[in-house]
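Structural description and commentary
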Amino acid sequence: MAVKKGTDGIRFLRKIVRGGVDESYGIEVAKLAGLPESILRRSREILKELEVKPVVQAPVESDQVSFEGINEKAVINMLRKTNIDELSDKELRELISDIVRYI
């Protein structure tokens, strides 16, 4: 979206252009939506703080399961008691969920 930024705020030019934007216009959009000035002012303060602080990324959760610390005996007993060939899809998913709880 093409945007023109001036001293009085921003104007969306209603024109789609290729590529990204150089900054976020969330606060300006909030202003256009009529949010109170106190909220806009506080938002600008928070934005300034975030711009000077280094970004700390949260650890990314992996889809892989770790078998470290697994309660092997409990899982083995669970599997021995189960005839996997007789399980429905739902029962198999429940079994896997139970095993994951022991990991």
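Residues numbered from 1 in each chain as written. Predicted model: local features only at pLDDT ≥ 70, side-chain atom pairs only at ≥ 80, totals over all residues. Heavy atoms only, no water.

Some words on the layout of surface pockets
What the largest pocket holds in volume is close to 300 Å³. In terms of lining, the largest pocket is formed by Lys5, Glu23, Ser24, Tyr25, Gly26, Ile27, Glu28, Arg44, Leu47, Lys48 and Glu51. Mapped by element, the contributors of at least two residues to the lining of the largest pocket are α1 (26-32) and α2 (37-52). Considering every element that reaches the lining of the largest pocket, the biggest residue donor is α2, with four residues. Residue composition of the lining of the largest pocket, grouped by class: three nonpolar, two polar and six charged. (1 Å grid on protein atoms, 1.4 Å probe; cavity = no way out; pocket = protein on both sides within 12 Å on 5 of 7 lines; lining within 4 Å. Points joined across faces, edges and corners; volume = space filled by probe spheres on them. Helix = DSSP H or I, 4+ residues; strand = E, 2+ residues; numbered from the N terminus. Nonpolar A, V, L, I, M, F, W, Y, C, P; charged D, E, K, R; others polar.)

What to know about the pattern of salt bridges
All chains considered together, the criterion is met by two salt bridges. Note that Arg44 is salt-bridged to Glu37, the shortest N-O span being 3.3 Å. The partner of Arg42 in a salt bridge is Glu45, with the nearest N and O atoms 3.2 Å apart. One end of the pair is Arg42 and the other is Glu45, both in helix α2 and three residues apart, which spans about a single turn. Under the relative-accessibility criterion, Glu45 is labelled partly exposed at 40%. (Salt bridge = Lys/Arg side-chain N within 4 Å of Asp/Glu carboxyl O. Buried < 20%, exposed > 50% of the residue type's maximum accessible area, 1.4 Å probe, protein only.)

Topic: a nonpolar patch on the surface
A cluster of nonpolar side chains, Leu79, Ile84, Leu92, Ile96 and Val100, forms an exposed patch at the surface whose accessible area comes to about 390 Å². Looking at which element gives the most residues to the nonpolar patch, the answer is helix α4 (residues 89-101), with three residues. (Patch = residues over 30% accessible without salt bridge, like charges linked within 9 Å, V, L, I, M, F, W, Y side chains within 5 Å. Areas by Shrake-Rupley, 256 points an atom, 1.4 Å probe, with all protein chains shown as cover.)

Quick notes on the pairing of strand β1 (residues 3-6)
With four bridges connecting them, β1 and strand β2 (residues 9-12) associate as antiparallel partners. From the neighbouring strand, Lys5 faces β2, where its bridge partner is Ile10. (Pairing = 2+ DSSP bridges.)

Considering the confidence of the model for the protein chain
On average, the protein chain scores 78 in pLDDT, and the residues at 70 or more come to 76%. Per-residue pLDDT, averaged within each element of the protein chain, yields its smallest value for β2 (77) and its largest for α2 (89). (pLDDT = per-residue confidence, 0-100.)

Some points on the side chain of Glu28
Relative to the helices and strands, Glu28 is located in helix α1. One buried charged residue, Glu28, forms no salt bridge at all, with the nearest opposite charge on Arg44 at 4.6 Å. When sequence neighbours within four positions are dropped, the list of residues in contact with Glu28 reads Gly9 and Ile10. (Lys, Arg positive; Asp, Glu negative; His and termini not counted. Contact = heavy atoms within 4.5 Å.)

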